[in-house]
Amino acid sequence: RLLLDDLAVDGGTVDIMADFTTRYPLTVVLELVGVPSDSLDDAVTACHGMFSEDPPERGRSFGQLKSVAVSALGPRGHTGIATGLRDRLDGELTDDQIGYLLFGLIFAGQLTTDAALGFLLGYALDDAFDLASADAARIETLVQDVLREHPPAPFTLWRFTTTEVKLAGTRLPARSPILVDIRGINTAGHLDGPDLSFGAGPHYCVGAHLARLELRIVLEVLRDRFPNARLAVPLRDLRQVDLGGTSGSRLIALPVALRG
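Residues numbered from 1 in each chain as written. Predicted model: local features only at pLDDT ≥ 70, side-chain atom pairs only at ≥ 80, totals over all residues. Heavy atoms only, no water.

Q: Describe the overall build of the protein chain, with residues and values.
A: Looking only at helices and strands, one finds nine helices and nine strands in the protein chain. Against the globule reference of 18 Å for 260 residues, the protein chain gives a C-alpha radius of gyration of 20 Å, in line with a compact fold. Expressed as lengths along the three principal axes of its C-alpha atoms, the size of the protein chain is roughly 55 × 55 × 40 Å. Out of the 260 residues in the protein chain, the part that is buried amounts to 40%. Nonlocal contacts in the protein chain, meaning residues at least 24 apart in sequence, comprise 65% of its contacts between residues at least 6 apart. As presented, the protein chain carries roughly 13800 Å² of accessible surface, and 54% of it is formed by carbon and sulfur atoms. Once the 24 positive and 34 negative side-chain charges of the protein chain are each reduced to a mean point, those two points are 4 Å apart. (Helix = DSSP H or I, 4+ residues; strand = E, 2+ residues; numbered from the N terminus. Rg over C-alpha atoms; globule rule 2.2 N^0.38 Å. Buried < 20%, exposed > 50% of the residue type's maximum accessible area, 1.4 Å probe, protein only. Contact = heavy atoms within 4.5 Å. Areas by Shrake-Rupley, 256 points an atom, 1.4 Å probe, with all protein chains shown as cover. Lys, Arg positive; Asp, Glu negative; His and termini not counted. Charge placed at Lys NZ, Arg CZ, Asp CG, Glu CD.)

Q: So, the side chain of S197: which residues are in play, and what are the values?
A: Structurally, the position occupied by S197 is in the loop between α8 (182–189) and α9 (208–225). Classification of S197 by relative accessible area gives buried; the value is 7%. A polar contact is formed between the side chain of S197 and the side chain of N186, at a distance of 3.0 Å. Side-chain polar atoms of S197 contact the side chain of D195, separated by 2.7 Å. (Polar contact = N/O pair within 3.5 Å; in protein donor to acceptor, adjacent residues only side chain to side chain.)

Q: Before we move on, can you summarise the environment of P152 with the specific residues and values?
A: Following the sequence through the fold, P152 ends up in the loop between α7 (136–149) and β2 (158–160). Judged by relative accessible area, which is 9%, P152 ranks as buried. Separated by 40 residues in sequence, P152 and T112 place their C-alpha atoms 5.0 Å apart. Every residue in contact with P152, bar those within four places of it in the chain, is listed here: T112, A115, L147, S247 and G248.

Q: With reference to specific residues and values, describe the state of the cysteines.
A: All told, the structure shown has zero disulfides when counted by the stated rule. No disulfide involves C47; its nearest neighbouring cysteine sulfur is the one of C205, lying 16 Å away. The exposure class of C47 is buried, given its relative accessible area of 1%. What makes C205 partly exposed here is its relative accessible area of 35%. (Disulfide = S-S within 2.5 Å.)

Q: Which residues make up the sheet that holds strand β9 (residues 255–257), and what values do they have?
A: With antiparallel pairing, three strands are arranged side by side in an open sheet as β1-β9-β6. The sheet terminates laterally at β1 (13–15) and β6 (230–231), the two strands that pair on one side only. Bridging between β6 and β9 involves two bridges; their strand directions are antiparallel. Bridge assignment links L231 to a residue of β9, and that residue is V256. (Pairing = 2+ DSSP bridges.)

Q: How would you sum up helix α4 (residues 55–70)? Please name residues and give values.
A: Owing to its 3.6 residues per turn, the α-helix brings residues three or four apart onto one side. With 16 residues, α4 extends 23 Å between its outermost C-alpha atoms, agreeing within 8% with the 22 Å of an ideal straight helix rising 1.5 Å per residue. In this fold, the buried residues of α4 make contact with α2 (20–33), α3 (40–49) and α6 (95–124). (Expected span 1.5 Å × (residues − 1).)

Listed below in structure tokens is the structure:
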């Protein structure tokens with residue numbers, strides 16, 4: 001709520017993708033992990049740097065976020081996932097190794113929710129949806145539909161054949177790796193088919209519940225505090241960039257008039 005209130009101070013059009021979609025999930029995940037609040041700006045800067053086209057800058061940004069993660073391992077007695085992990089793994093892993101695990105949690109929790117937020121807010125603030133009158137059920141349905149259409153990590157689900165199989169006319173020997181097309185499966189069956197937005201089986205995302213909660217809450221806050229909020233450009237004009245690797249796409253910008 002406070003983050004959105006800050007954006008609305010000037011009363012004009014704001015680009016939600018410029019900072020909010022990065023800062024909001026980071027604020028949540030850093031608090032859960034136990035990172036000091038004064039490290040938030042460093043984490044935001046690091047995440048922005050990860051989108052740089054300059055490889056050295058991307059490398060520095062990953063290192064900066066790793067340092068933020070390690071900062072959660074402060075004096076014993078602090079609360080958060082970080083100290084809980086250290087207590088459980090004391091003697092098995094070093095603080096630096098635990099910091100790498102925490103980095104993975106922070107990185108995954110921010111990058112995926114960041115991308116999903118952009119698409120979700122784009123659809124929610126389009127005139128066709130009418131967020132101001134949306135109840136909890138409609139909001140939940142929109143969250144599910146957007147995640148199916150724009151899964152933030154569509155190339156993360158691997159399977160391996162246990163025997164020789166024939167797939168789409170190609171014969172694959174046993175133990176062949178198969179990369180599942182999450183978005184393709186999500187959209188082919190849509191509401192009647194499987195939803196692989198957060199993976200499946202033993203490879204199901206541990207942060208799925210938190211991600212959905214964050215997405216629902218941001219729509220509820222917008223509906224209640226900014227009922228006149230709307231896109232400043234037509235939905236069809238929003239542009240996106242392919243992040244590459246295991247990730248999907250992210251909106252380049254999302255201009256929004258919070259006061260209508």
